[in-house]
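Survey of secondary and tertiary structure
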Amino acid sequence: MMNNGKIKTAALHNLGCKVNAYETEAMEQQLAGAGYQIVDFHQPADVYVVNTCTVTNVADKKSRQMLRRARKLNPEAVIVAAGCFAQASAEYLRKEGTVDIILGNNQKNQLLALLEEYRPGQGQRELMSDLSGPEAYEEMELSATLEHTRAFIKIQDGCNQFCSYCIIPYVRGRVRSRRPEQVVSEVERLAGKGYQEVVLTGIHLSSYGADLKDEQISLLSVLEQVQQIDGICRIRLGSLEPRIITGEFVDRLTGLNKVCPHFHLSLQSGCDDTLKRMNRHYTTEEYYEKCEMLRQAYEHPALTTDVITGFPGETEEEFARSRDFLERVGFYEMHVFPYSVRRGTRAASMDGQVPEEVKKARSAELLELTKKMSDQYRMYYKGRKMEILLEEEIWLDGQPYMTGHTPEYVKCALPSGRRNTLAEGEFCRILTDGMVLCR
């Protein structure tokens, strides 16, 4: 893109989830393909794009801060607010006046067209969808990713769950699935560039195909197609809802040898009363049964989860029940979050809001538990060989090592090897940061 003979520069900043990260990379490639020079966000640029997040009030604050920072870096730049905060808080952005272009969800593939039409001094431009009803899937794609060996691929958008703490269904809209042929085409292109592992992700991945049922399209059917692609040796799944784990699902999944035995099953609490208040549609016993199905089907699957502490109304007794359940399941890893109020959700106005210091203390207790369980999980590999997809070089004790992950997503370090190749290592010991040192 030329301006008086000068190549325009663009800087992008991502806030939020892996889906947001995918979309940010896709927007970056749109701009680079049109001739923009991509620069670091903290440098002067002609265009700044902030892909915002609104999952919590803290995320809102970070989104506002990054937009203001962009304006300070270059007062003459075109500032674009894209994504979830832009979708949820367009009225605020109109009045506040920091940004020039407001780009809602399901419109990010229009970034380049809006920039080409934009003229300084003509006021804000805006492109938003009403996501309260049916929408088509917004097609975006990557020809490469920031990671050199593993590619994240968005295949689904939107959520129909309406958990009481979550704003996402309102800003991402209803469930929309990417066409399987588009998924396969992108994976084939990335495999052709040397990527060996793909991670299929979405806002509510388990709902993939819910809007395409008439065509018998499902998460399993698209997995079966990706399994056939030459060059891909691993398929990893993003976060799943426990209800997707059925006997039929597991039977078909175990027939796909490229699918990694690493399952992130969303939980949020190990207490049934808390789950009801969260509007989660399962009990702890049902969840436990799903975990056992996976453990019976795979030798040593990695089960990971998310947990919220201090949800409104969570008593000491409820927290203790939750903690005991988490230990009973024996997760490989837990992502622990103190409950954060999100305006516009039912949970924000619930009675029994828990003090911040209590939330933090409970989170700290669960983080200690997850370290203990993680180490127990890794110790299973003592005396065993592990298959590692090597990713990057680091230095340990003055010596070069290659690091990478096993199919179960255990991070390992080997004293030799080459990036983006599969290697075999034998467990030696667990380092202080949880990485497994191999020989």
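Residues numbered from 1 in each chain as written. Predicted model: local features only at pLDDT ≥ 70, side-chain atom pairs only at ≥ 80, totals over all residues. Heavy atoms only, no water.

On to the overall build of the protein chain. Of the regular secondary structure elements, the protein chain holds 13 helices and 20 strands. Within the protein chain, the proportion of its 439 residues that are buried is 55%. Taking contacts inside the protein chain between residues at least 6 apart in sequence as the whole, the part at least 24 apart equals 73%. (Helix = DSSP H or I, 4+ residues; strand = E, 2+ residues; numbered from the N terminus. Buried < 20%, exposed > 50% of the residue type's maximum accessible area, 1.4 Å probe, protein only. Contact = heavy atoms within 4.5 Å.)

The five strands lie next to each other as β16-β17-β18-β20-β19, forming a closed barrel whose pairing is mixed. In this sheet, neighbouring strand axes are inclined to one another by 50° on average, regardless of whether the strands run parallel or antiparallel. In this sheet, strand β20 (residues 436–438) lies alongside strand β18 (residues 411–414) in parallel orientation, the contact comprising two bridges. If you follow A413 over to β20, its bridge partner there is L437. The strands that helix α13 (residues 356–379) touches are β19 (422–430) and β20; relative to β19, the one it contacts most, it runs at about 120°. (Pairing = 2+ DSSP bridges. Axes fitted to C-alpha atoms, helices over the stretch in contact; angles between N-to-C directions.)

A few words now on the sheet that holds strand β11 (residues 197–202). Within a sheet, each strand pairs with its neighbour through backbone hydrogen bonds, oriented either parallel or antiparallel. Spatial ordering of the open sheet is given by β10-β9-β11-β12, a layout of four strands whose pairing is mixed. Both outer strands of the open sheet, β10 (176–177) and β12 (234–237), are each paired with one neighbouring strand and no more. In this sheet, β11 lies alongside strand β9 (residues 150–157) in parallel orientation, the contact comprising six bridges. In the strand pairing of β11, R150 is matched with E197. Against the sheet, helix α1 (residues 18–33) touches β9 and β11, its axis set at about 105° to β9. In the packing of helix α7 (residues 180–192) onto the sheet, the strands contacted are β9 and β11, and the crossing angle to β9 comes to about 170°.

All right, on to the pattern of salt bridges then. In total, this model carries 42 salt bridges according to the counting rule given. Close ionic contact of E197 with R236 constitutes a salt bridge, the shortest N to O distance being 2.8 Å. With a gap of 39 residues between them, E197 in strand β11 and R236 in strand β12 connect regions that are remote in the sequence. An identical accessibility class is assigned to E197 and R236; each is buried. A salt bridge links E248 to R252; its shortest N-O distance comes to 3.6 Å. Here the residue E248 and the residue R252 both occupy positions in helix α9 (residues 247–254), the gap between them amounting to four residues, near one helical turn. Given a relative accessible area of 54%, E248 falls into the exposed group. The exposure class of R252 is partly exposed, given its relative accessible area of 31%. One network of salt bridges, in which partners are shared, links E23, K108, K154, D157, R172 and R176. (Salt bridge = Lys/Arg side-chain N within 4 Å of Asp/Glu carboxyl O.)

Let us now look at the nonpolar core. Across soluble globular proteins, you tend to see nonpolar side chains buried next to one another. I155, Y165, L219, L223, F331 and M334 are the most contacted members of the largest nonpolar core, which has 66 residues in total. Among residues more than four places away in sequence, those in contact with F331 are L267, Y287, L303, T304, T305, L326, M373 and S374. (Core = buried A, V, L, I, M, F, W, Y, C linked by side-chain atoms within 4.5 Å.)

Our focus in this paragraph is the environment of M386. Along the chain, M386 turns up in strand β16 (residues 385–396). A residue is classified by how much of its surface remains accessible, and M386, at 3% relative accessible area, is buried. Residues M386 and E314, spaced 72 residues apart in sequence, show a C-alpha to C-alpha distance of 41 Å.

It is worth spelling out the packing of aromatic side chains at this point. Applying the stated rule across the entire model yields twelve aromatic pairs. Geometrically, the ring pair formed by F41 and Y48 is edge-to-face, given 5.4 Å between the ring centres and 75° between the ring planes. Relative accessible area serves as the criterion here: at 4%, F41 is assigned to the buried category. Of the residues examined, Y48 reaches a relative accessible area of 0% and is grouped as buried. Ring centres of Y332 and Y377 lie 4.6 Å apart, and the angle between their planes is 35°; on these two criteria the pair is classed as tilted. With a gap of 45 residues between them, Y332 in the loop between α12 (316–329) and β15 (333–338) and Y377 in helix α13 connect regions that are remote in the sequence. (Phe/Tyr/Trp six-rings, centres within 6.5 Å; stacked < 30°, edge-to-face > 60°.)

Running from amino to carboxyl end, α9 crosses helix α11 (residues 284–297) at an angle of 30°, the nearest separation of the two axes being 11 Å. By the angle between their axes, α9 is roughly parallel relative to α11. The element α9 and its partner α11 pack so that their crossing is right-handed. Each of G247, V250 and T254 in α9 lies in contact with α11, whose residues at this interface are M293, L294 and A297. (Parallel < 35°, antiparallel > 145°, perpendicular 65-115°, else oblique. Left-handed = near helix turned anticlockwise from the far one by under 90°.)

Time to look at the pairing of β12. Regular strands place their side chains on alternate faces of the sheet. Going residue by residue along β12, you find R234 and R236 tucked away on one face and I235 and L237 tucked away on the opposite face as well. Examined bridge by bridge, β11 and β12 share four bridges and lie parallel to one another. Its bridge partner lying in β12, V198 is registered against I235. In terms of handedness, the path from β11 via helix α8 (residues 219–227) over to β12 forms a crossover that is right-handed. (Right-handed = clockwise from strand over helix to strand, strands pointing away.)

This part is about the side chain of S221. Following the sequence through the fold, S221 ends up in helix α8. For S221, a relative accessible area of 15% corresponds to the buried category. Polar side-chain contacts of S221 include one of 2.8 Å to the backbone nitrogen of S218. Once residues lying within four places of it in the same chain are set aside, the contact partners of S221 are Q216 and R252. (Polar contact = N/O pair within 3.5 Å; in protein donor to acceptor, adjacent residues only side chain to side chain.)

Attention now goes to unusual backbone geometry. With a phi close to 85°, Q268 is a non-glycine residue in the positive phi region. With respect to the helices and strands, the residue Q268 is situated in the loop between β13 (262–264) and α10 (272–278). For Q268, a relative accessible area of 8% translates into the label buried. One non-glycine residue, D397, lies in positive phi territory at about 50°. In this structure, D397 sits in the loop between β16 and β17 (399–405). For D397, a relative accessible area of 76% gives the class exposed.

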